[in-house]
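Read off the chains here:
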Amino acid sequence: MIVRFFDPQEGEIFLDEINIKDIKLLSLRKSILLILHENFVFNGTLYDNLTYGATNINIDDLENALINAHIDFINKLPYGLNTIIGEGGINLSAGEAQRIALARAFFK
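The residue numbering used here restarts from 1 in each chain and proceeds along that chain's sequence as written. Local features are withheld for residues below a pLDDT of 70 in this predicted model, meaning they are given only at 70 or higher, and side-chain atom pairs are given and counted only at 80 or more; totals for whole chains, interfaces and linings count all residues. In computing side-chain properties, one takes all heavy atoms of the structure into account and sets aside hydrogens as well as water.

### What about the packing of aromatic side chains?
Each pair of aromatic rings is reported with the distance of its centres and the angle of its planes. In summary, the pairing rule links any two rings of Phe, Tyr or Trp, Trp by its six-membered ring, whose centres are within 6.5 Å, and it sorts them by plane angle into stacked for under 30 degrees, edge-to-face for over 60 and tilted for everything else. Counted according to the given criterion, the structure contains one aromatic pair. Plain terms: the ring middles of F42 and Y52 are 5.5 Å apart, the flat faces sit at 55° to each other, and that makes the pair tilted. Here F42 is found in the loop between α1 (25–30) and α2 (46–50), whereas its partner Y52 is found in the loop between α2 and α3 (59–68), with 10 residues between them in sequence. Exposure is judged per residue with a 1.4 Å probe applied to protein chains only, and the accessible area is read against the type maximum: over 50% gives exposed, under 20% gives buried, and values in between give partly exposed. Judged by relative accessible area, which is 42%, Y52 ranks as partly exposed. Only DSSP runs of H or I covering at least 4 residues are called helices, and only runs of E covering at least 2 are called strands; the numbering of each starts at the N terminus.

### Re the pattern of salt bridges
Only one rule defines a salt bridge in this text: a Lys or Arg side-chain nitrogen within 4 Å of an Asp or Glu carboxyl oxygen. If you walk through the whole model with that rule in mind, you get one salt bridge. Between R4 and D7 there is a salt bridge, with the nearest N and O atoms lying 3.0 Å from each other.

### Description of a nonpolar patch on the surface
Together, M1, F5, F6, L34 and L36 make up a nonpolar patch on the protein surface, roughly 590 Å² of accessible area in all. Structurally, F6 can be placed in the segment before β1 (14–15). Residue class for F6 comes out exposed when judged on its relative accessible area of 63%. Each patch is built from residues lacking any salt bridge and having more than 30% relative accessible area; the joining distance is 9 Å for like charges and 5 Å for nonpolar side chains (Val, Leu, Ile, Met, Phe, Trp, Tyr). Residue-level accessible areas treat just the shown protein chains as cover; the underlying method is Shrake-Rupley with a 1.4 Å probe.

### Comments concerning helix α4 (residues 94–107)
By this rule, a helix spans an expected 1.5 Å times one less than how many residues it contains. Between its first and last C-alpha, α4 extends 20 Å over 14 residues, near the 20 Å set by a 1.5 Å rise per residue. The complete set of buried residues in α4 reads A97, I100, A101, A103, R104, A105 and F107. Residues of α4 that are buried sit in contact with α2 and α3. What makes two residues a contact is simply this: any of their non-hydrogen atoms within 4.5 Å.

### Some words on the confidence of the model for the protein
With 100% of its residues at a pLDDT of 70 or more, the protein has an overall mean of 87. In the model of the protein, α1 stands out as the element of lowest mean pLDDT, 86, in contrast to α3, which has the highest, 93. pLDDT measures the predictor's confidence residue by residue and takes values from 0 up to 100.

Structure (structure tokens):
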């Protein structure tokens, strides 16, 4: 309801005392991170998956995203950020794939 895929049939939702219907939809959605249970991970490097859709890549921002998402399994990967993670993240656990999605959201 907060991301306004649907508006409430009854009642109202407020963010900081502002009715979400009074917030521009694009502005509202840009300020919310949505992490789904099933994550989108494609066959490519961990780096490519983390920076997917990014136009300006700042390595410090990427490192902060990794820290905030508690991605500590990178050190165990054979090529670190350059490790191919496989189609659908087949080479990762479900928890690791979720952490990638979380880091991607933090990075953006």
